[in-house]
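One-letter residues, chain by chain:
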Amino acid sequence: MVNIEELSAKELYELAKRKEQEEARLAQMQQQLTELKGKREQMIQRHEEELAYTDQKIDELTRQRKAMVESHQKALAALDQELKTAQTQCDDKKSTAKKLEAQASQSSREKTSQPVLEKEELPPPVDNGPNNGAGAKEKGKPKSEEEELDLMMEHIIKMMKGRSYISEGLMREKLSVADFKSTDLRKLLDTLVRQKRLVLRSGGNYVLGKNAKKR
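Residues numbered from 1 in each chain as written. Predicted model: local features only at pLDDT ≥ 70, side-chain atom pairs only at ≥ 80, totals over all residues. Heavy atoms only, no water.

**Q** Any chance you could explain the overall build of the protein chain here in plain terms?
**A** Looking only at helices and strands, the protein chain features four helices and three strands. Counting all 215 residues of the protein chain, 19% fall into the buried class. Sequence-distant contacts, at least 24 apart, represent 57% of the contacts inside the protein chain between residues at least 6 apart. Summed over its atoms, the accessible surface of the protein chain is roughly 16,900 Å², and 54% of this surface lies on carbon and sulfur atoms. (Helix = DSSP H or I, 4+ residues; strand = E, 2+ residues; numbered from the N terminus. Buried < 20%, exposed > 50% of the residue type's maximum accessible area, 1.4 Å probe, protein only. Contact = heavy atoms within 4.5 Å. Areas by Shrake-Rupley, 256 points an atom, 1.4 Å probe, with all protein chains shown as cover.)

**Q** Before we go on, may I ask you to explain the pattern of salt bridges in this structure?
**A** Oppositely charged side chains are able to pair whenever their charged atoms sit close together. Applying the stated criterion to the full structure yields seven salt bridges. For Arg197, the salt bridge is made with Asp150, and the minimal N-O distance between the two is 3.0 Å. On the criterion of sequence distance, the pair formed by Arg197 in the loop between helix H4 (182–194) and strand S2 (198–201) and Asp150 in helix H2 (residues 145–159) is long-range, its members being 47 residues apart. For the residue pair Arg197 and Asp150, the accessibility class agrees, reading buried in each case. Taking the shortest distance from any N to any O, the salt bridge between Glu168 and Arg172 comes out at 3.1 Å. (Salt bridge = Lys/Arg side-chain N within 4 Å of Asp/Glu carboxyl O.)

**Q** Looking at this model, I keep getting lost on the side chain of Asp190. Mind explaining?
**A** Turning to its location among the elements, Asp190 is positioned in helix H4. Residue Asp190 is classed as buried on the basis of its relative accessible area of 12%.

**Q** Help me out: how do you make sense of unusual backbone geometry in this one?
**A** Working note: non-glycine residues mostly have negative phi, and peptide bonds are mostly trans. Of note, Lys196 is a non-glycine position whose phi angle comes to about 60°, a positive value. A residue is classified by how much of its surface remains accessible, and Lys196, at 33% relative accessible area, is partly exposed.

**Q** Looking at this structure, how should I read H2?
**A** Residues spaced three or four apart along an α-helix point in a common direction, a consequence of the helix completing one turn every 3.6 residues. Taking 1.5 Å of rise per residue, 15 residues should cover 21 Å, and H2 covers 21 Å from first to last C-alpha, within 8% of that figure. Taken residue by residue, H2 has Glu148, Leu149, Asp150, Leu151, Met152, Met153, His155, Ile156 and Met159 as its buried positions. (Expected span 1.5 Å × (residues − 1).)

**Q** Explain helix H3 (residues 168–177) to me, please; I cannot follow it from the model alone.
**A** When we look at burial in H3, the residues that qualify are Glu168, Met171 and Leu175. Buried residues of H3 fall within an arc of 60° about the axis and therefore sit on the same side. Those residues of H3 that are exposed and angled more than 90 degrees off the buried face are Glu173 and Val177. Looking at the residues trailing H3, positive phi occurs at Asp179, about 75°. (Arc of directions from axis to C-beta.)

**Q** Looking at this model, I keep getting lost on the sheet that holds strand S1 (residues 166–167). Mind explaining?
**A** Whether parallel or antiparallel, the strands of a sheet pair through hydrogen bonds between backbone atoms. Read across the sheet, three strands follow the order S1-S3-S2 without closing on themselves; strand pairing throughout is antiparallel. Single-partner strands in this sheet number two, and they are S1 and S2. Relative to strand S3 (residues 205–208), H2 is tilted by about 100°, and along the sheet it contacts S1, S2 and S3. (Pairing = 2+ DSSP bridges. Axes fitted to C-alpha atoms, helices over the stretch in contact; angles between N-to-C directions.)

Laid out in structure tokens, this is it:
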């Protein structure tokens, strides 16, 4: 250890000068250390601010993404419901169309199977003379063909009660029971058809004509 009292003035001056230099270097180092600490704090603060800004942006983008996903799901659900409704309506229309087509087909088959076409009027019979003795038991022998036709129509109208048509075979059978001769029935029926008192439809069925009850 240096004894200051033994040092000369020159040595004391140099020692003081070195001490001053050391203190200056120490102060400089202290200042540098302070500046470095300040830079560090600024760096940390800037980093935290940038992180906070980035986190805020991430939160905003996350909310936007969530809103976009929810909006898309709602729109998709609405479209799916609309599509389902349209599909149901389409299926219902197809089903209805098939039912109507089936009903129309069934109706067409029923109409085809029923006698609906009116047969053309037959030409007048060649023999226009008096009748050959046909008549009814309850009213006696008619005096003319017209009276015989009227009497025959009375029987036919009674037969047709509760019926929409009657076959020729059944009509002949019932008229024969009423004492009309079968040999004259064809001529008399043709005359009634010509007078539009009877209508002959396809299948050999008769219906009442528009002049059935003219007398």
